[in-house]
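# Descriptive analysis of the structure
Spelled out from the first residue to the last, the chains are:
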Amino acid sequence: MVKAQPIPPDGHAAAVSLAEGNRDENRFPDAYRLLLDRRPNLHIGFGYGMRYCLGAPPARVEVRLGFTAPMTRFPDLRLAVPPGELTWRHDFRRGLQPVACHHAERGLTTGAS
Ligand code: HEM
């Protein structure tokens, strides 16, 4: 039994999704919003327990740099479309379709896929 749902009897498969666990509204209010300052943030994106990701510390550094470096280097960078017009990819990768941005000095730039 998981959250009052019976697990199927023998012969059936059950899959566990870490990504879905991170979007559990009981644990994460407004779970589908990216809130970089979410506290507490007991996500399971790096797994849990004895299989916890060995690369989590360098991965955290990479993500932090990936967010802060472009903002520091190009503080005037802005979306060229309203946020409501952004579209998501519909394949196995989670992410946005390439999006045009506007830069004060360089004008319009187009995101690469
Ligand atoms: C954002 C980046 C990353 C994410 C989201 C991530 C996620 C995960 C997850 C969910 C697991 C657990 C898998 C399981 O329970 O079976 C895992 C395990 C692991 N990850 Fe990562 N990972 C990332 C980056 C990295 C990097 C950069 C390295 C190496 C430099 C790495 C090395 C490993 C290793 C060796 C394990 C297996 C640990 C074990 O089974 O004892 N990961 N990772």
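Rules and cut-offs
- Residues numbered from 1 in each chain as written.
- Predicted model: local features only at pLDDT ≥ 70, side-chain atom pairs only at ≥ 80, totals over all residues.
- Near = placed C-beta within 6 Å.
- Nonpolar A, V, L, I, M, F, W, Y, C, P; charged D, E, K, R; others polar.
- Helix = DSSP H or I, 4+ residues; strand = E, 2+ residues; numbered from the N terminus.
- Buried ≥ 20, exposed ≤ 12 C-beta atoms within 10 Å, placed from the backbone.
- Expected span 1.5 Å × (residues − 1).
- Domains from an automatic or database assignment.

### Things to note about the site of the ligand
Surrounding the ligand, one finds Leu18, Gly45, Phe46, Gly47, Arg51, Cys53, Leu54, Gly55, Pro58 and Ala59. Here the residues of the shell around the ligand sort into 6 nonpolar, 3 polar and 1 charged.

### Observations concerning the environment of glutamate 25
Take glutamate 25: it is sitting in the loop between helix H1 (18-21) and helix H2 (56-73). For glutamate 25, a count of 9 C-beta atoms within 10 Å translates into the label exposed. Between the C-alpha atom of glutamate 25 and that of alanine 15, which follows or precedes it by 10 residues, the distance is 19 Å.

### Overview of the environment of serine 17
Locating serine 17 in the fold gives a position in the segment before H1. Between the alpha carbons of serine 17 and isoleucine 44 there is a distance of 9.9 Å; along the sequence they are 27 residues apart.

### Some remarks on H2
Between its first and last C-alpha atoms H2 spans 25 Å; for 18 residues at 1.5 Å apiece the expected length is 26 Å, and the two agree. Within H2, only 0 of the 18 residues are buried, which leaves the element largely exposed.

### Concerning the domain arrangement of the protein
Here the domain parsing of the protein yields domain 1 (1-73) and domain 2 (76-113). Once you take the C-alpha centre of each, domain 1 and domain 2 turn out to be 24 Å apart.

### Overview of unusual backbone geometry
Proline 40 follows arginine 39 through a cis peptide bond whose omega is -5°. In this structure, proline 40 sits in the loop between H1 and H2. Even without glycine at this site, aspartate 30 takes up a positive phi of about 55°. With respect to the secondary-structure elements, aspartate 30 resides in the loop between H1 and H2.

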